[in-house]
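These are the residues of each chain, in order.
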4 protein chains.
Amino acid sequence: MRTNHELQASDSPNGSATSAGRPRSDEAHKAILDATLALLADVGFSALKVEGVASRAGVGKATIYRRWRSKLPLVVEAFSLLPALEEVDTGDLVTDLKKMLRNYFELFNSTPLGTVLPSLAGERRHNQALSKLLDPVLRERRRPLVRVLERAVERGELPRDLDIDLAADLIVGPIAVRLFFGGGKLGPRLIDSIVDLALSGLRGRS
Amino acid sequence: MRTNHELQASDSPNGSATSAGRPRSDEAHKAILDATLALLADVGFSALKVEGVASRAGVGKATIYRRWRSKLPLVVEAFSLLPALEEVDTGDLVTDLKKMLRNYFELFNSTPLGTVLPSLAGERRHNQALSKLLDPVLRERRRPLVRVLERAVERGELPRDLDIDLAADLIVGPIAVRLFFGGGKLGPRLIDSIVDLALSGLRGRS
Amino acid sequence: MRTNHELQASDSPNGSATSAGRPRSDEAHKAILDATLALLADVGFSALKVEGVASRAGVGKATIYRRWRSKLPLVVEAFSLLPALEEVDTGDLVTDLKKMLRNYFELFNSTPLGTVLPSLAGERRHNQALSKLLDPVLRERRRPLVRVLERAVERGELPRDLDIDLAADLIVGPIAVRLFFGGGKLGPRLIDSIVDLALSGLRGRS
Amino acid sequence: MRTNHELQASDSPNGSATSAGRPRSDEAHKAILDATLALLADVGFSALKVEGVASRAGVGKATIYRRWRSKLPLVVEAFSLLPALEEVDTGDLVTDLKKMLRNYFELFNSTPLGTVLPSLAGERRHNQALSKLLDPVLRERRRPLVRVLERAVERGELPRDLDIDLAADLIVGPIAVRLFFGGGKLGPRLIDSIVDLALSGLRGRS
DNA sequence: TCGTAAGCGAGACGGTACGTCGAGTCTTGCT
DNA sequence: AGCAAGACTCGACGTACCGTCTCGCTTACGA
């Protein structure tokens, strides 16, 4: 289900008329996105060549540029197809967070997510256009985490005056740091520690 | 004081002899690094052109390539010259952290740090060579934070069994997240909140 | 009519199929050759820059290198388009030769021939590849002169045992010498003298 | 014996004062010229690199540029050191010419002459500076041939009204043609034919 | 059932930057 | 001062992609 219409640079016949001529091939569309993800994972954003995508997808370059104005929105759309945090609601904050983050962690191993995300994020600052496309996608992907925290506030598990965005950052922060800067390896056990530490604070709890 | 010898791609005769021939110009060296930082700040990593650096530094391209094998190690060395966390030691953890992070935050506004760091970090995954050059630099830049935390453990302000690396990630995490993903803006007040939240945890303290 | 297929470095699909993709532009092809000739005349072979040809032809460098492996075959092909000796057949050897050479002499003034020819010839010795391309072209350009001499032999105007190649060299020699080494200027009157002298010999005739 | 002062770009103290400082090394001078000739023979004029000359001569580049303003006068001077036509005077024109040209022909096999001469000649047209340096050298090298012809005129072997320059061109022409354009190989026998043909004319004599 | 309009793979197009190389100049420390 | 060495600026080299533009097809629709 594609909803992100800004991603398409296309002058596609989204009006009423069903348009004349040969319709665009969904097959090609999918092949392009798959190739993009595969190459992003292999070589990263800046070494990704549109010609490489085309040849890997068995597609002409024009077929790519007909759908995406440049390699940027193409990459963003490919990225947006990667799975995001999946909401978990057991009624217990600690359980929810640990389950969600463990699931998410699995995605880093099973999808190009771990390599694509830093590539795009690193480019965001220098590329207003990318930022405009990417930011809503990123915001959306965080939503499940924000909702879990909001529910915890409602249940009284967390203080009413908590800055939810900041709270989310605190939880996600250590993962991001290790993703971007290397440092110690991630793992299910570490993820539990992160959640515990974020909830109780460095000073530890009574 | 440059210590990071791996950054130089040069085959320079760093043995004992002063080497024959005209020595490399320190002036040019500095001009190149300055130009690199200036351009990084202006246009970012991927839009940085070596030719741009050369012309801005008033230097021939060969002079750049004689010292750095490509734009990557050049940028890494330029980056490593940017100021890092500056250690503060007042005897009180909260004060130390807040001062350090506030100082650090200033650097994001007064240097290209905020733009260079994500660029490099985003590339790290796809570029083993970059990773090799960059990782020690990154590790070194974290060191002041680690030391502050270690002192706090010794003073008893933090639990003895604390995972210091993880603790550092928790503190730095929210800053990294906003740096890479956008989200809410940073500011001195927010930095205080980060420190308080990290120390006491999301649940708040007694 | 281009027949000299070796001149094209291209891997063009000259088989049977019309080949896929956009066909190469004849317009660009011509513009490149024209620019090459113009620049050869202006600045000569060794000062001719491929970038200069490209910009003068309003063409990207790649478009040149797609067709010719280097500036050398480019220049050879451009050269091969210049007019050559034009055969004249009046039935009288002296008349034929004088007309042909006078016509040829005009070409030195009206085309880049006089500058291009020495440039290429001077390079021939050091450049096997050039030699391979150039020699057949040069041979072909001499042919009209050889044929005129052959006809004269058949008519009995010249001895049957004459070494035709050497005879051609004798006639063309003085022109070449002045072309390459400077010396006295050429002119229609001088050309007549050359023909007379070559036919009758230095000792003069009875 | 160097006499060609224009060839030296040097500001050498050719006045009265014996100049202060270390005198220029004649050894280096000779090594440079030798290296130049060797490289000219190997790779030709346009592929000759000053750095190549320097390293082959075991000399710094500055030592070359201190003596010759650029690679051009260097090459010209090296060329001017090559042996030229050597005058022969037996009292018989045919004998003189055949001996001289046969000697000269030997030089093509035993020196870089055959490769250097076309290179320089081919450049002459596009390089006024080269032309200025080279032309007197070329003129001088022809002198023996001119003198032989003049003597033959005086002896009555050749007509009084003969255009001596043109006569020289006629004799030298076929050699030049084969040197520059390839064609049939040269050899002692062919040289005799050239002389005979030039003296008696293509039509043959009574 | 057929024309027509758009999509298709392929690849050439004008550009721009790459990383290399050589020209001719300059700067070391040594002779 | 000259010397060997080698770094300096400059500018062209030949390559690789960018995003656009034809080619000669193929494919669906609507007349």
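Residue indices follow the written sequence of each chain, beginning from 1 at its first position. Chain letters start at A and ligand numbers start at 1, both assigned in the order the entries are written. pLDDT decides what is reported in this predicted model: residues at 70 or higher carry local features, side-chain atom pairs at 80 or more are listed and counted, and totals for whole chains, interfaces and linings draw on all residues regardless. Working from all heavy atoms in the structure, the side-chain values ignore hydrogens and water.

Starting at the N terminus, helices and strands are each numbered in turn, a helix being any DSSP run of H or I of at least four residues and a strand any DSSP run of E of at least two. The number of helices and strands found in chain A is 9 helices and 0 strands. With a 1.4 Å probe rolled over the protein chains alone, any residue whose accessible area is under 20% of its type maximum counts as buried; one over 50% counts as exposed, and the rest are partly exposed. Burial status across chain A gives 54% buried among its 206 residues. Throughout, a residue-residue contact means that at least one pair of heavy atoms, one from each residue, lies within 4.5 Å. In chain A, the share of contacts with a sequence separation of at least 24, taken over all contacts with a separation of at least 6, comes to 66%. By element, 49% of the accessible surface of chain A is carried by carbon and sulfur atoms, the whole surface being about 10,000 Å². Note that accessible areas follow from Shrake-Rupley with a 1.4 Å probe, and for residues the cover is restricted to the protein chains shown.

Turning to the interface of chain D and chain C, a few remarks are in order. Facing 52 residues of chain D, the contacting portion of chain C comprises 51 residues. Two parts placed together each lose some accessible area under a 1.4 Å probe, and adding up what both lose gives the buried area. Between chain D and chain C, a total of about 4,300 Å² is buried, with carbon and sulfur atoms accounting for 65% of that surface. On the chain D side of the contact with chain C, D:Phe181, D:Leu202 and D:Arg203 bury the most area, a combined 19% of that side's loss. Basic side-chain nitrogens of Lys or Arg form a salt bridge, by our definition, when they fall within 4 Å of a carboxyl oxygen of Asp or Glu. Where chain D packs against chain C, one counts 2 salt bridges. Among the salt bridges present, the one from C:Arg178 reaches D:Asp169, with a minimum N-O distance of 2.5 Å. Residues adjacent in sequence count toward polar contacts only when both atoms are side-chain atoms; beyond that, a polar contact is any pair of N or O atoms within 3.5 Å, and within protein one must be able to donate a hydrogen and the other to accept it. At the boundary of chain D and chain C, one finds 14 residue pairs in polar contact (both at pLDDT 80 or more). Breaking the side of chain D that touches chain C down by element, the ones donating at least two residues are α1 (26-43), α6 (113-124), α7 (128-155), α8 (164-181) and α9 (188-200) of chain D. Sort the elements by how many residues they give to the side of chain D that touches chain C and α8(D) lands first, with 15 residues. Residue type decides the class: Asp, Glu, Lys and Arg count as charged, Ala, Val, Leu, Ile, Met, Phe, Trp, Tyr, Cys and Pro as nonpolar, and the leftover types, Gly among them, as polar. Residues belonging to the side of chain D that touches chain C are distributed by class as follows: 28 nonpolar, 13 polar and 11 charged.

Our next topic: the protein's contact with DNA strand E. Only heavy atoms are used to decide nearness, and a residue is near a molecule or strand if one of them lies within 4 Å of it. As a matter of local geometry, DNA strand E sits amid 44 residues, with A:Thr63, A:Arg67, B:Tyr65, C:Arg66 and C:Arg67 nearest to it. Atoms of DNA strand E within 4 Å of the protein belong to the sugar or the phosphate in 67% of instances, the rest to bases. B:Val50 places a main-chain nitrogen or oxygen 2.6 Å from a phosphate oxygen of DNA strand E. Here B:Glu51 contributes a backbone N or O atom positioned 3.1 Å from a phosphate oxygen of DNA strand E.

With that out of the way, let us pick up the domain arrangement of chain A. Residues and elements named next belong to chain A. These domain boundaries are the output of an automatic or database domain assignment. Each domain of chain A was delimited in the assignment, giving domain 1 (4-79) and domain 2 (82-204). Between the C-alpha centres of domain 1 and domain 2 the distance comes to 29 Å. Across the contact, 14 residues belong to domain 1 and 17 residues belong to domain 2. Approximately 1,300 Å² of surface area, both sides summed, lies buried where domain 1 meets domain 2, with 81% of it carried by carbon and sulfur atoms. Inspection of the region where domain 1 meets domain 2 yields 0 salt bridges. At the boundary of domain 1 with domain 2, the tally comes to 2 residue pairs in polar contact (both at pLDDT 80 or more). A per-element tally of the side of domain 1 that touches domain 2 places helix α4 (residues 71-80) first, with 6 residues. Grouping the amino acids of the side of domain 1 that touches domain 2 by side-chain chemistry returns 11 nonpolar, 2 polar and 1 charged.

For the rest of this paragraph, the subject is the packing of aromatic side chains. Note on aromatic contacts: the rings of Phe and Tyr and the six-membered ring of Trp form a pair at centre separations within 6.5 Å, being stacked when their planes are under 30 degrees apart, edge-to-face when over 60 apart, and tilted otherwise. In this structure the tally under the stated criterion is 10 aromatic pairs over all chains. Relative to D:Phe108, the ring of D:Tyr104 lies with its centre 5.1 Å away and its plane at 75°, an arrangement referred to as edge-to-face. Of this pair, D:Tyr104 and D:Phe108 both sit in helix α5 (residues 93-110), separated by 4 residues, roughly a single helical turn. Residues D:Tyr104 and D:Phe108 agree in their burial class; the two are buried. Of the aromatic side chains, those joined through ring pairs into one cluster are A:Phe180, A:Phe181, B:Phe180 and B:Phe181. Throughout this description, the term charge over a ring refers to an Arg CZ or Lys NZ atom that lies within 6 Å of the ring centre and within 35 degrees of the ring normal. Stacked on the ring of A:Phe45, the Lys or Arg A:Lys71 has its end atom at 4.9 Å from the ring centre.

Put simply, buried Ala, Val, Leu, Ile, Met, Phe, Trp, Tyr and Cys residues joined by side-chain atoms within 4.5 Å make one nonpolar core. Ranked by internal contacts, the top residues of the largest apolar core, which has 146 residues, are A:Phe79 and B:Phe79. Once residues within four sequence positions are removed from consideration, B:Phe79 is found in contact with B:Leu37, B:Leu113, B:Val116, B:Leu117, B:Leu120, B:Leu134, B:Val137, B:Leu138 and B:Arg141. Core analysis: the next-biggest nonpolar cluster, separate from the first, contains 145 residues, C:Ile64, D:Tyr104, D:Leu145 and D:Leu162 among them.

Turning next to helix α9 (residues 188-200) of chain B. Multiplying 1.5 Å by the residue count of a helix minus one yields the expected span of that helix. Given a rise of 1.5 Å per residue, 13 residues ought to cover 18 Å, and the 19 Å separating the end C-alpha atoms of α9(B) matches this to within 8%. Burial in α9(B) covers these residues: B:Leu190, B:Ile191, B:Asp192, B:Ile194, B:Val195, B:Leu197, B:Ala198, B:Leu199 and B:Ser200. Its buried side turned inward, α9(B) meets α8 (164-181) and α9 (188-200) of chain A together with α5 (93-110) and α8 (164-181) of chain B. Where α9(B) ends, the next residue or the one after it, B:Gly201, has phi of about 90°, a positive value.

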